[in-house]
Amino acid sequence: MGPSCKAAPKPLPDLSICDPSQSLFCSKDRNFLRQKLRSSLTVYVLLALSYLLILILFAVSLSRGTVIGAFRRLCLTSLMRQEVGATQRDVGSVLFPCGPEAREWEYFSGKCYYFSLRETSWQRAKVLCEEVHSRLAIINSHAQQNFIMYRTRNQRFWIGLSDKNSEGEWKWIDGSNSTTGFTYWKEGEPNNSGQNEDCAHVWTYGEWNDVDCTYKCYYICEKPAPRL
Ligand SMILES: *[C@@H]1O[C@H](CO)[C@@H](O)[C@H](O)[C@H]1NC(C)=O
Ligand SMILES: *[C@@H]1O[C@H](CO)[C@@H](O)[C@H](O)[C@H]1NC(C)=O
Ligand SMILES: [Ca+2]
Ligand SMILES: [Ca+2]
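Quantities reported herein were computed from a predicted structural model and do not represent experimental measurements.

1. Here we look at the overall build of the protein
Part 1 of the argument: Along the protein, the regular secondary structure elements total four helices and eight strands.
Part 2 of the argument: Helices and strands appear in the protein in the N-to-C order α-α-β-β-α-β-α-β-β-β-β-β.
Part 3 of the argument: Considering only contacts in the protein between residues 6 or more positions apart, those separated by 24 or more positions represent 57%.

2. A look at the site of ligand 1
Part 1 of the argument: With respect to spatial proximity, the complete set of residues near ligand 1 consists of E169, K171, N177, T179 and T180.
Part 2 of the argument: Looking at the shell around ligand 1 residue by residue, the classes come out as no nonpolar, three polar and two charged.

3. Topic: unusual backbone geometry
Part 1 of the argument: In this structure, P190 follows E189 across a cis peptide bond, with omega equal to -5 degrees.
Part 2 of the argument: Structurally, P190 is set in the loop between β5 (171-172) and β6 (199-202).
Part 3 of the argument: Positive phi is not limited to glycine here, since H133 has a value of about 55 degrees.
Part 4 of the argument: Relative to the assigned elements, H133 resides in the loop between α3 (122-131) and β3 (135-136).

4. Brief notes about the nonpolar core
Part 1 of the argument: Core analysis: the biggest nonpolar cluster contains 28 residues, and L136, A137, W158, I159, Y219 and I220 have the highest contact counts within it.
Part 2 of the argument: At the level of secondary structure, the elements contributing two or more residues to this core comprise β2 (111-115), α3, β4 (157-162), β6, β7 (208-211) and β8 (218-224).
Part 3 of the argument: Of the residues forming this core, the biggest block, four residues, is contributed by β4.
Part 4 of the argument: Leave out the neighbours within four places in its chain, and L136 touches A125, K126, C129, W158, I159, G160, I173, Y219, I220 and C221.

5. Re the confidence of the model for the protein
A low pLDDT means the predicted coordinates there should not be read in detail.
Part 1 of the argument: Per-residue confidence for the protein gives a mean pLDDT of 82, with 70% of residues at or over 70.
Part 2 of the argument: Confidence over residues 1-5 falls short of pLDDT 50; this stretch has zero contacts with residues more than four positions distant or in other chains.

6. Some remarks on the site of ligand 2
Part 1 of the argument: Surveying the vicinity of ligand 2 reveals the residues G188, E189, N191, S193, E197, N209, D210 and V211.
Part 2 of the argument: In the shell around ligand 2, the residues fall into one nonpolar, four polar and three charged.

7. Here's the deal with the pairing of β7
Part 1 of the argument: With four bridges connecting them, β6 and β7 associate as antiparallel partners. From the neighbouring strand, H201 faces β7, where its bridge partner is N209.
Part 2 of the argument: Taking the residues that link successive antiparallel strands as the turn, the β6-β7 hairpin has five residues, and the phi of Y205 there is positive, at about 55 degrees.

8. Details of the pairing of β2
Part 1 of the argument: Relative to β2, strand β1 (residues 105-108) runs antiparallel, the two sharing four bridges. Each bridged residue has a counterpart across the sheet, and for E106 the counterpart in β2 is Y113.

9. Considering the environment of E207
Part 1 of the argument: Along the chain, E207 falls in the loop between β6 and β7.
Part 2 of the argument: C-beta crowding within 10 Å serves as the criterion here: with 16 such atoms nearby, E207 is assigned to the partly exposed category.
Part 3 of the argument: Separated by 24 residues in the primary sequence, E207 and T183 have C-alpha atoms spaced 9.3 Å apart.
Part 4 of the argument: Once residues within four sequence positions are removed from consideration, E207 is found in contact with Y184, W185, K186 and V202.

10. Let's talk about the environment of Q123
Part 1 of the argument: Of note, Q123 is situated in helix α3.
Part 2 of the argument: Sequence separation between Q123 and C199 is 76 residues; the distance between their C-alpha atoms is 9.3 Å.

How each quantity is defined
- Residues numbered from 1 in each chain as written.
- Chains lettered and ligands numbered in written order.
- Predicted model: local features only at pLDDT ≥ 70, side-chain atom pairs only at ≥ 80, totals over all residues.
- Helix = DSSP H or I, 4+ residues; strand = E, 2+ residues; numbered from the N terminus.
- Contact = placed C-beta atoms within 7 Å.
- Near = placed C-beta within 6 Å.
- Nonpolar A, V, L, I, M, F, W, Y, C, P; charged D, E, K, R; others polar.
- Core = buried A, V, L, I, M, F, W, Y, C linked by C-beta atoms within 7 Å.
- Buried ≥ 20, exposed ≤ 12 C-beta atoms within 10 Å, placed from the backbone.
- pLDDT = per-residue confidence, 0-100.
- Pairing = 2+ DSSP bridges.

Shown next as C-alpha cells:
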C-alpha cells in the first residue's frame, strides 16, 4: 500500500473555537459550566455533610445527657442554694431565737424580752405589750431578775405586778400570787406611799418599788420564744 492510500487524518474539532451555530453552548462555555456545576455540587455536599455532623453531635450530646445533665445541674444548684438559705435561717434562729431580724427582742431562758425605749403609764404599757402578742414581764427567778437588772441599768421599767384589785395583795399579770413566789422588793417597799402606789417597777439595782400607776416608766414585755 502506498502512502497515497493513507487516509489523511481527520482534523480534530477545535474545541477552543466557539461556533454558536453548532450547539447552544460553545465548548468553552460548556467547560466553564461543567466547572461551575462541579464547584456548586461540592458546596452542596459539604453543606449536607456539616448538617449531618451537627445532627450526629446533637444526638451524641443528647444520649450522653449533657443537655439534660446541664439542666439538672442548674436545678440542683438552685435547690442547694435554697437549702443553704434555709440552713442560714436555722442557724439564725438558733443563735437568735427571738428572730434574727428582730433586734429589739432579746432572748433569755426560753423567753423573748422587749425593753421599751419610751416611757408610759402602767396601763398603757400593759396594752402596748398585748398589742405585740406579749405581756408585761413576770419575774419568778433570781436568774431572770439578774438578766433584767443588767438590762435595765437602774432605769425605771414597769413589770407585770400590781395590787390594784386589793390593796397589799400583789398579783402578777397572769393572776398568780406574788407573795408566795420570788420577790425582790427594795427595802421598805412596797410602801403604798400616799395610799396611791399600786403598780410595780424595777429601779436601782433592779429592785422593785410600788409607785403611782400613772407614773411614766419604761416597760418590759415578755413572750415565749418561738419553738425551733
Ligand atoms: C397570796 O398568798 C398569801 C399567802 O398564802 C395569801 O395570804 C394571800 O391572800 C394571797 N393573795 C392572793 C391575791 O391570792
Ligand atoms: C415610799 O416609796 C416611794 C417610792 O415609791 C419613795 O419615794 C418614798 O420615799 C417611800 N417612802 C418611805 C416612807 O419609805
Ligand atoms: Ca398599793
Ligand atoms: Ca413605793
